[in-house]
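# Observations on the model geometry
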Amino acid sequence: MRPQSEAELCDAVRGAEGPLWIEGGGTRGPARAAKGTRLSVSGLSGITLYEPGALTLVAQAGTPVAQIEAALAAENQRLAFEPMDHRAVLGTEGTPTIGGVVAANVSGPRRIQVGACRDALIGVRFVDGRGDAIKNGGRVMKNVTGYDLVKLMAGSHGTLGVLSEVSFKVLPQSAVRATLSTAGLDVARAIAALSAALGSPFEISGAAHRDDVTLLRIEGFEASVKYRAERLQQLLSGFGDWSVDMNAAEVDATWRDIANATMFADTDEDVWRISVMPGDGAAMAARLPEARVMFDWGGGLIWAGVAPGTDLRAALGDFRGHATLVRGAAETHAALGTFHPEPAPLAAISAGLRAQFDPRGILNPGRMGRTGAHGG
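Remember, it's a predicted structure, so these values are computed and weren't measured experimentally.

### Structural notes on the overall build of the protein chain
- When its secondary structure is counted, the protein chain shows 14 helices and 17 strands.
- By the compact-globule yardstick of 21 Å for 376 residues, the protein chain fits well, its C-alpha radius of gyration being 21 Å.
- Along the first, second and third principal axes, the C-alpha set of the protein chain runs to 65 × 50 × 35 Å.
- A buried classification covers 53% of the 376 residues belonging to the protein chain.
- A total of about 15700 Å² of accessible surface is found on the protein chain, and carbon and sulfur atoms cover 52% of it.
- Both charge centroids of the protein chain, one from 36 positive and one from 40 negative side chains, sit 5 Å from each other.

Written as structure tokens, this is what we have:
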């Protein structure tokens, strides 16, 4: 099914006689745990409101992310949270849509500075499991409308409702961007360097480590970027010599590759996404000596490539955070679960929410692995 309006979407959900698999642009590939009828929101497409002066954009859920980014770029603005494009790491095609970004709370390197997708989201419209259209939030930041379903929908992966429209606060594009880099640090020293930079007053917008190279990004006006780059070089001199790249195209390409985890493209590894406290990043990597790893968010996000079928959660043991299987065989997803098992109290809350929003249990059943909705 491919409804062309919210009204048609309501009819499709209300008339469903069994489970629905909700899909945006198809960038995550065939549904491994799909059950029932495929429901595509790609027909609900288009920017419905854009007010550059108010830093506000509203779009239907099936709108391609590229269309939104092009409209923003024309006004020298951007989506603050720098969404990932999964096609490289998953080897898929399709078109990333803004509804899919919200449903998975997809957030890139700039999260350390401006927050996640859910922090830029100011309003949603969605259709619940009964087929009723629900609106929450609005088109301005100061908007009080009761329960904050906006934050709840971000990262719910379509298990609580089918998004039809989303509203964002957007930000101006930076005039100048620079990458500072040094090579040769081990993981512990690299994360220490990233932590030192993030603890400084120099407004870091990217902090990553991959392929033996430690990377920092700063953005802003040219004089400010140059000053901060010099101060960071001095501050971090104990960790090595830091080069500075201020070529906008090269800087953007570097951080796009980090956001999209392209170092794992075209390999036969299983790929895991591990979210931890930044200070725990080095210890977590030490538990995975055979893995290829990349760190983002100052060490708080670990991408790990491991041998197919590896139970990475068992290798990690108990830790503060969660591990998501992003790429693996269907058998591995079935055996290990895509999402990290939730603690029993949280699982009970998730089940209660699904019972309220989807009493028939038809929205993406099985999508969330063992215990239900997961916030991304």
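Still to come is the rest of the account.
### Observations regarding the pattern of salt bridges
- One pass over the full model with this rule turns up 14 salt bridges.
- Arg-217 is the partner of Glu-82 in a salt bridge, and the nearest nitrogen-oxygen pair spans 2.9 Å. Of this pair, Glu-82 sits in the loop between β5 (77-78) and α3 (87-90) while Arg-217 sits in strand β12 (residues 213-220), and the two are 135 residues apart along the sequence.
- When its relative accessible area of 14% is taken as the criterion, Glu-82 is described as buried.
- In this structure Arg-217 comes out as buried when scored by relative accessible area, which is 4%.
- Across the salt bridge formed by Arg-292 and Glu-269, the nearest N and O atoms sit 2.8 Å from each other. Of the two residues, Arg-292 sits in strand β15 (residues 292-296) while Glu-269 sits in the loop between α10 (248-259) and β14 (270-276), which places them 23 residues apart along the sequence.
- Looking at Arg-292, the relative accessible area reads 32%, which means it is partly exposed.
- We classify Glu-269 as buried; its relative accessible area is 13%.
- Several salt bridges converge on common partners, so that one network encompasses Arg-78, Glu-82, Arg-110, Arg-217 and Glu-219.

### With respect to the nonpolar core
- By size, the foremost hydrophobic cluster in this structure holds 46 residues, and its most contacted members are Leu-163, Phe-168 and Trp-303.
- Top contributing element to this core by residue count: helix α4 (residues 98-103), with four residues.
- If we skip the residues at most four places from it in the chain, Phe-168 touches Leu-55, Thr-56, Leu-57, Leu-79, Phe-81, Ile-98, Val-102, Cys-117, Ala-120, Leu-121 and Ile-122.

### Some remarks on the packing of aromatic side chains
- Across all of its chains, the model carries two aromatic pairs by this definition.
- Ring plane angle 50 degrees and centroid distance 6.2 Å describe the contact between Phe-126 and Phe-357, whose orientation is recorded as tilted. A residue pair is termed long-range when its members are at least 10 positions apart, and Phe-126 in strand β6 (residues 121-127) and Phe-357 in helix α14 (residues 344-357) qualify at 231 residues. Phe-357 carries the same exposure label as Phe-126, and that label is buried.

### Quick notes on helix α1 (residues 6-14)
- Within the span of α1, buried status applies to Glu-6, Leu-9, Cys-10, Ala-12 and Val-13. End-on, the buried residues of α1 take up no more than an arc of 165 degrees, which puts them together on one face.

### Some remarks on the pairing of strand β17 (residues 321-327)
- Taken across its seven residues, β17 has six buried, putting it largely inside the fold.
- Of the strand pairs in this sheet, β14 and β17 are connected by six bridges, and their pairing is antiparallel. When the sheet's bridge partners are listed, Trp-272 is paired in β17 with Leu-325.

### Here we look at the sheet that holds strand β8 (residues 162-169)
- Strand order in this open sheet of five strands is β3-β4-β8-β6-β7, and the pairing throughout is antiparallel. The open sheet has two edge strands with one neighbour each: β3 (47-51) and β7 (133-137). Averaged over neighbouring strand pairs, the angle between their axes works out to 10 degrees when direction is ignored.
- The pairing of strand β4 (residues 56-60) with β8 spans five bridges and is antiparallel.

### A closer look at the environment of Leu-235
- By secondary structure assignment, the location of Leu-235 is in helix α9 (residues 222-235).
- Residue Leu-235 is classed as partly exposed on the basis of its relative accessible area, which comes to 44%.
- In the structure, Leu-235 is positioned 38 residues away from Ala-197 in sequence and 7.9 Å away in space, judged by C-alpha atoms.
- Filtering out sequence-adjacent residues up to four positions away, Leu-235 remains in contact with Ala-196, Ser-200 and Phe-202.

### Quick notes on the environment of Val-166
- Relative to the helices and strands, Val-166 resides in strand β8.
- Classification of Val-166 by relative accessible area gives buried; the value is 0%.
- For the pair Val-166 and Gly-123, spaced 43 residues apart in sequence, the C-alpha to C-alpha distance is 5.7 Å.
- Residue contacts for Val-166: discarding those within four places in its chain leaves Leu-57, Val-58, Ala-59, Ile-98, Val-102, Leu-121, Gly-123 and Val-124.

Here is what the cut-offs are and how they apply
- Residues numbered from 1 in each chain as written.
- Predicted model: local features only at pLDDT ≥ 70, side-chain atom pairs only at ≥ 80, totals over all residues.
- Heavy atoms only, no water.
- Helix = DSSP H or I, 4+ residues; strand = E, 2+ residues; numbered from the N terminus.
- Rg over C-alpha atoms; globule rule 2.2 N^0.38 Å.
- Buried < 20%, exposed > 50% of the residue type's maximum accessible area, 1.4 Å probe, protein only.
- Areas by Shrake-Rupley, 256 points an atom, 1.4 Å probe, with all protein chains shown as cover.
- Lys, Arg positive; Asp, Glu negative; His and termini not counted.
- Charge placed at Lys NZ, Arg CZ, Asp CG, Glu CD.
- Salt bridge = Lys/Arg side-chain N within 4 Å of Asp/Glu carboxyl O.
- Core = buried A, V, L, I, M, F, W, Y, C linked by side-chain atoms within 4.5 Å.
- Contact = heavy atoms within 4.5 Å.
- Phe/Tyr/Trp six-rings, centres within 6.5 Å; stacked < 30°, edge-to-face > 60°.
- Arc of directions from axis to C-beta.
- Pairing = 2+ DSSP bridges.
- Axes fitted to C-alpha atoms, helices over the stretch in contact; angles between N-to-C directions.

On their own, these measurements won't tell you what the molecule is for.
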